[in-house]
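Understanding the architecture of this molecule
The primary structure of each chain is shown beneath.
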Amino acid sequence: GLAREPGTLARLQEGELINARWAMLGSAGMIAPELTGQGNWIDAANWAFEGGKPTYLGIEVPFDLTTILVCEFLAFLAMETVRMPPPLGLSPIDEPERRLYPGIWDPAGLSDDPAEFEDYKIKELNNGRLAMLGFLGMIVQYYATGTGPIQNCADHAADAFGNNIFTNLG
């Protein structure tokens, strides 16, 4: 199989969890523009291609695309440096669990009870797996219908037999 060696299994599990977290954030990011009345998620970045100005919730952002990309790159670099083991990162090499659950921020005290924390880890992974499928589904849905997820739900609720997967296949 893919994970005959323990090191490979650990690397694949780490990748799955990190991708699951990004998918949960990405799915929320795909829904948020429509919920706030800013259009659908695919149109949110049109300013970068059309030469317009970036906006955040209708307010113009005073930065150009290059500045935004450099800031994002530096933020990701900082996050990954904290998470990765030496020589490139700061996380202890003998504590792979700490790379996944660094414990830097836990204001609700969710990790105080070890048994409950293990349950939360499983719930996080399961929700992340659903988010990965949901993310893919929202991408396919947009290219099939040309509208975002909230509008598609509203259309389906208004006419379930006229707006569904079968009517969009043809």
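Scope of this entry: the structure provided in the associated data block.

Conventions we followed
- Residues numbered from 1 in each chain as written.
- Predicted model: local features only at pLDDT ≥ 70, side-chain atom pairs only at ≥ 80, totals over all residues.
- Heavy atoms only, no water.
- Salt bridge = Lys/Arg side-chain N within 4 Å of Asp/Glu carboxyl O.
- Helix = DSSP H or I, 4+ residues; strand = E, 2+ residues; numbered from the N terminus.
- Buried < 20%, exposed > 50% of the residue type's maximum accessible area, 1.4 Å probe, protein only.
- Expected span 1.5 Å × (residues − 1).
- Phe/Tyr/Trp six-rings, centres within 6.5 Å; stacked < 30°, edge-to-face > 60°.

**Quick notes on the pattern of salt bridges**
By the definition in use, this model includes four salt bridges. The partner of Glu124 in a salt bridge is Arg21, and the shortest N-O contact between them spans 2.7 Å. With Glu124 in helix H5 (residues 114-145) and Arg21 in helix H1 (residues 6-35), the pair connects residues that are 103 residues apart, well separated along the chain. Across the pair Lys123 and Asp119 runs a salt bridge, and its minimum N-O distance is 3.2 Å. Pair noted here: Lys123 and Asp119 are both in helix H5, with a separation of four residues, about one helical turn. Look at Lys123 and you get partly exposed, because its relative accessible area is 43%.

**Concerning H5**
Compared with an ideal rise of 1.5 Å per residue, which puts 32 residues at 46 Å, H5 spans 45 Å between its outermost C-alpha atoms and is within 8% of the ideal. Within the span of H5, buried status applies to Lys121, Gly128, Ala131, Met138 and Tyr142. Trailing H5 by a residue or two, Gly146 shows a phi angle of about 80°, which is positive.

**Considerations on the packing of aromatic side chains**
Under the counting rule described, the total for this entry stands at three aromatic pairs. Between Trp41 and Tyr142, the aromatic rings sit 5.9 Å apart at their centres with planes inclined by 65°, giving edge-to-face as the arrangement. Here Trp41 is found in the loop between H1 and helix H2 (46-50), whereas its partner Tyr142 is found in helix H5, with 101 residues between them in sequence. Pair check on accessibility: Trp41 and Tyr142 agree, each one buried. Aromatic side chains Tyr142 and Tyr143 sit 5.4 Å apart centroid to centroid with 85° between the ring planes, which places their arrangement in the edge-to-face category. According to the relative accessible area criterion, Tyr142 is buried, its value standing at 15%. The exposure class assigned to Tyr143 is exposed, which follows from its relative accessible area of 62%. An aromatic cluster is defined as three or more aromatic residues linked by ring pairs; in this entry it consists of Trp41, Tyr142 and Tyr143.

**Examining the environment of Gly37**
Within the fold, Gly37 resides in the loop between H1 and H2. Considering only alpha carbons, one finds Gly37 and Gly58, 21 residues apart in sequence, at a separation of 9.3 Å.

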